[in-house]
Amino acid sequence: MHTIWKGAVSFGLVNVPVKMFTATQDNDIHLKMLHKDFGVPIHYSRTCPKCDKEVSWSEIVKGYEYEPGQYVTFDKEELEQLASHTSREIRILDFVKLEEIDPIYYQKTYYLAPEESGTHAYQSLVRALQTSRKVGIANVTIRARSSLVAIRVIGDVLAMSTMFYAEEIRPLEEIPHLPKKAEADPRELEMAQMLIDQLTSRFEPEKYKDEYRERLMDAIEDKLEGHEVTPASEEKPANVVDLMEALKASLKQVEGAQPAQTRTEKAPPSGKSKPKRAAAKAKAKKTGA
């Protein structure tokens, strides 16, 4: 893993030096935009509409539009100065229970590893969070952007999840055409609860697969082999209008379902991957595609 940031976790007078690593990865298969006639990538340029010339990064500043066409501008150094006083510290403000945080607040998660000089303090903080079963809520500024974060333990490792601020969460009242709260039919409610109970299991993230990604990777391999792309099978929803009948049919389907079989990896037709196919797989794995 590549270190993306160095700083310290602090609370009270305690200071724990840490290094930050990205805890998640983008597994999307990234497709480039090509000119259909020539099969070459399309280039994008930063062009000024006033002088109609391409602008280099050194000539670009950031600006806030306070009136139409009027901006207050900041260069890179000015923005860094605004963030410098807290840019190397994750200051914990409060400790709260994990279950009190609604998932809507979470953005992205990072691992925090100890610097050599802070191993003992790091382990002490890990044990304290595990024993108290609490999560630290902190402020941090990374790359000139201030974030609210939650500091918690995954395994025996500190993890930091960036969060939205309360004012960034849109109120439910802004959702159009929300139905008014009404009493549920007791029979429908009981049937729905039975269906939920039938489908309840332990959360095992490894059993959920990105089926679209797998189909796209298969299609890439088929095209490399010179075959036509096989379209995904269309699953038509059952035409059940009555809620009670839909619940009954769903329960019957769940009760009669067999355990899901583990998906086996598609075997190459010849027993070995051809060079192009192997290269495509290797590239996808390397880039997190």
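Look up a bit, the structure's there.
Scope of this entry: the structure provided in the associated data block. (Residues numbered from 1 in each chain as written. Predicted model: local features only at pLDDT ≥ 70, side-chain atom pairs only at ≥ 80, totals over all residues. Heavy atoms only, no water.)

For arginine 133, which is not glycine, the phi dihedral falls at a positive 55°. The topology assignment puts arginine 133 in the loop between α2 (119–132) and β7 (134–142). Positive phi is not limited to glycine here, since histidine 177 has a value of about 60°. Positionally, histidine 177 belongs in the loop between β9 (157–163) and α3 (186–198). (Helix = DSSP H or I, 4+ residues; strand = E, 2+ residues; numbered from the N terminus.)

With that out of the way, let us pick up the pairing of β9. On a regular strand, each side chain points to the face opposite its neighbour's, so the side chains alternate between the two faces of the sheet. Burial of β9 is extensive: 6 of the 7 residues sit out of reach of the surface. In this sheet, β9 lies alongside strand β6 (residues 106–114) in antiparallel orientation, the contact comprising 5 bridges. Each residue of the ladder has a partner; that of tyrosine 111, found in β9, is alanine 159. Relative to β9, strand β8 (residues 145–154) is paired through 7 bridges, and the arrangement is antiparallel. Bridging across to β9, alanine 150 finds its partner in serine 161. Between the end of β8 and the start of β9, which pair antiparallel, lie 2 residues, with glycine 155 showing a positive phi angle near 65°. (Buried < 20%, exposed > 50% of the residue type's maximum accessible area, 1.4 Å probe, protein only. Pairing = 2+ DSSP bridges.)

The geometry of two aromatic rings is summed up by the distance between their centres and the angle between their planes. Here the structure, examined in full by the defined rule, presents 2 aromatic pairs. Both rings, one in phenylalanine 11 and one in phenylalanine 95, keep their centres 5.7 Å apart while their planes meet at 90°; by these two values the pair is edge-to-face. Linking phenylalanine 11 in strand β1 (residues 5–11) with phenylalanine 95 in strand β5 (residues 89–97), this pair joins segments that are 84 residues apart in sequence. You can call phenylalanine 11 partly exposed: its relative accessible area is 23%. You can call phenylalanine 95 partly exposed: its relative accessible area is 39%. Relative to tyrosine 208, the ring of phenylalanine 203 has its centre 6.1 Å away and its plane inclined at 25°; by these criteria the two rings are stacked. (Phe/Tyr/Trp six-rings, centres within 6.5 Å; stacked < 30°, edge-to-face > 60°.)

Take it as geometry only, folks, not as evidence of what the structure does.
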